[in-house]
Amino acid sequence: MAAAATMAAAARELVLRAGASDMEEEEGPLGSGPGLREPLQIGELDITSDEFILDEVDVHIQANLEDELVKEALKTGVDLRHYSKQVELELQQIEQKSIRDYIQESENIASLHNQITACDAVLERMEQMLGAFQSDLSSISSEIRTLQEQSGAMNIRLRNRQAVRGKLGELVDGLVVPSALVTAILEAPVTEPRFLEQLQELDAKAAAVREQEARGTAACADVRGVLDRLRVKAVTKIREFILQKIYSFRKPMTNYQIPQTALLKYRFFYQFLLGNERATAKEIRDEYVETLSKIYLSYYRSYLGRLMKVQYPFEALFRSQHYALLDNSCREYLFICEFFMVSGPAAHDLFHAVMGRTLSMTQKHLESYLVDCYDAIAVFLCIHIVLRFRNITAKRDVPALDRYWEQVLALLWPRFELILEMNVQSVRSTDPQRLGGLDTRPHYITRRYAEFSSALVSINQTIPNERTMQLLGQLQVEVENFVLRVAAEFSSRKEQLVFLINNYDMMLGVLMERAADDSKEVESFQQLLNARTQEFIEELLSPPFGGLVAFVKEAEALIERGQAERLRGEEARVTQLIRGFGSSWKSSVESLSQDVMRSFTNFRNGTSIIQGALTQLIQLYHRFHRVLSQPQLRALPARAELINIHHLMVELKKHKPNF
């Protein structure tokens, strides 16, 4: 029962709060006062709704029991029945008050109703206007789409027309023959710039017509005849002009050069002929070949004739002739490649068609000269001239002369080797007894060899050749043998040595003037000269100081073997040597110096030999002093007569020759 009473009280509370809430909602828009209580928060509970579900009553009752007001009523023990009646009374009062408020505000409500009705009418009219506007927009959108479609179609037609116009314009421009072209081809001289310009235009139009004819363009037939007549006229004028230029080459040359390069600025003429009239182009090329071939042949024939009348060495004439040939050949080859637009084997064939007879004539002239030529230096110079000219043609990128250079070298090298071998054989077979009177001065054969060998060595240093060095080595061996054979004809060894030293010194001097210091020839003769000079110095010191030399060598040998005691028996000999040297060394040195200066033609060489002899004499006397310082000879009385070494050096310096 208590639970039922509690539920009833809660229900009434809820009813009261719901009524108060309704009043607040009705009074709110009409401006109710601020003294109203806050409404009871009952959430989404609606007990007047026909859709109220009794199963949810417990949930709502439980929720309202949590309300602070309900909790307070239950705690104070309020009589719910009395409280319910009071609530119903208050509800009636509130209802009456609410009705009065509605009646009191009826005019405002009616006015509000009228305003709402008027607004509905306005909104209806606006709806109608917007509907009409939407209909108009749909119509305009349809028209815009139609216009877009029409514009796209017009753009496509415009582009098609422009494309057709461009193609037709190009076709018409390519086919139409302007009057300026006709006038220039028919009337303008070939040398005028406008003729060349219109000739290029004519060539371009002819190419365009041929291209359109291949595509089946019927309009080409209308201009083909005109273009053919203009082409024939242009070919005729160009042929006459180029042939006239070629014939002008027959005039005497200036500066030994043919002015064919003047044709280069008209190279397009030949290109035009090559593309339009190959027969005429071939005629011009053949005429050029024939004319230039005769000109070069005639020029070099007369040039060789003039050279042969000039008193110059053959190598100078050879260089002059081949330098002119090199210069003209390079210019001719480059002109042929550029003007006739050929390269490779075709350029070689055309070049040899022009220069072939000239090159053959030059080669035959060289062959006829080499048959009776025994000048090895001239031939060797010609070889190196060819090698240098071949390098020049390689730098100029002119390979057309390579075959000619090889043929010339094939003539020069065998002849050069033959001449060298003949010289080797000549020296080998020379009999000194048939050469007449001999003396110790340098022989004329060795002088000729020295000059000959130094010339070849100096030339060969620039472009070394191993075969040349081998032949020169053979010649050197035979010359050395020849010098030894001639030296053997002298009776005394001293004369033999003088002859050998004079010849070696002369050959070495000549070689050092032209050859490098480290060349094989220089090193070989330097070694021979040093060996013979040392032998001569010993031979020179032997007569006046031979006894002293022999004693010193014997004493040193005994000391070295540990037999110095045997020197005690040499006191008399040592005394004689000391006194003999002291009394005669000055006169002996004077005689020695005069003898050397008379024997050698090269004063510098003689001076060197005297200095070597005096140096060796000082060394000999110093060794003699050391021998006498041995215990076995230290007490020898004659030691007091020994000449002081420093005094001897000072005195010997007085005999040093000055030049």
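Since this is a predicted model, take the numbers as computed values, not measurements.

## Topic: the overall build of the protein chain
From N to C terminus, the protein chain includes 21 helices and zero strands. Among the 659 residues that make up the protein chain, the fraction classed as buried is 37%. Long-range contacts, defined as pairs at least 24 residues apart, comprise 76% of the intrachain contacts of the protein chain with a sequence gap of at least 6. With an accessible surface of roughly 38,500 Å², the protein chain has 52% of that area assigned to carbon and sulfur atoms.

## Overview of the confidence of the model for the protein chain
Residues at a pLDDT of 70 or more form 83% of the protein chain, whose mean pLDDT is 81. The secondary structure element of the protein chain with the lowest average pLDDT is helix H1 (residues 2-27), at 43, and the one with the highest is helix H13 (residues 376-395), at 95. This model gives residues 1-12 a pLDDT under 50, and the stretch forms 11 contacts once residues within four places in sequence are excluded. Residue range residues 14-52 is modelled with pLDDT below 50. Its contacts to residues more than four positions away, or to other chains, number 35 contacts.

## Observations regarding H13
For H13, built from 20 residues, the straight-helix expectation of 28 Å at 1.5 Å per residue is met to within 8% by its first-to-last C-alpha distance of 29 Å. The complete set of buried residues in H13 reads Ala376, Ala378, Val379, Phe380, Cys382, Ile383, His384, Ile385, Val386, Leu387, Phe389 and Thr393. Elements that come into contact with the buried residues of H13 comprise helix H11 (314-339), helix H12 (345-371), helix H14 (402-428), helix H15 (444-460) and helix H16 (466-487). Looking at where H13 begins, the residue whose side-chain oxygen comes 3.3 Å from the main-chain nitrogen of Ile377 is Asp375. In the segment just after H13, Asp397 is the residue with positive phi, at about 60°.

## Brief notes about the pattern of salt bridges
Under the defined criterion, the tally for this structure stands at 20 salt bridges. With its nearest N and O atoms 3.0 Å apart, the salt bridge here joins Glu277 to Arg231. You can see Glu277 sitting in the loop between helix H9 (267-276) and helix H10 (278-309) and its partner Arg231 sitting in helix H8 (residues 220-248), a full 46 residues away along the chain. Taking the relative accessible area as the measure of exposure, Arg231 reaches 19% and is therefore buried. One salt bridge connects Glu478 with Arg428, and the closest N-O pair in it is separated by 3.2 Å. Residue Glu478 is located in helix H16, and its partner Arg428 is located in helix H14; the two are separated by 50 residues in the primary sequence.

Quick notes on the rules
- Residues numbered from 1 in each chain as written.
- Predicted model: local features only at pLDDT ≥ 70, side-chain atom pairs only at ≥ 80, totals over all residues.
- Heavy atoms only, no water.
- Helix = DSSP H or I, 4+ residues; strand = E, 2+ residues; numbered from the N terminus.
- Buried < 20%, exposed > 50% of the residue type's maximum accessible area, 1.4 Å probe, protein only.
- Contact = heavy atoms within 4.5 Å.
- Areas by Shrake-Rupley, 256 points an atom, 1.4 Å probe, with all protein chains shown as cover.
- pLDDT = per-residue confidence, 0-100.
- Expected span 1.5 Å × (residues − 1).
- Polar contact = N/O pair within 3.5 Å; in protein donor to acceptor, adjacent residues only side chain to side chain.
- Salt bridge = Lys/Arg side-chain N within 4 Å of Asp/Glu carboxyl O.

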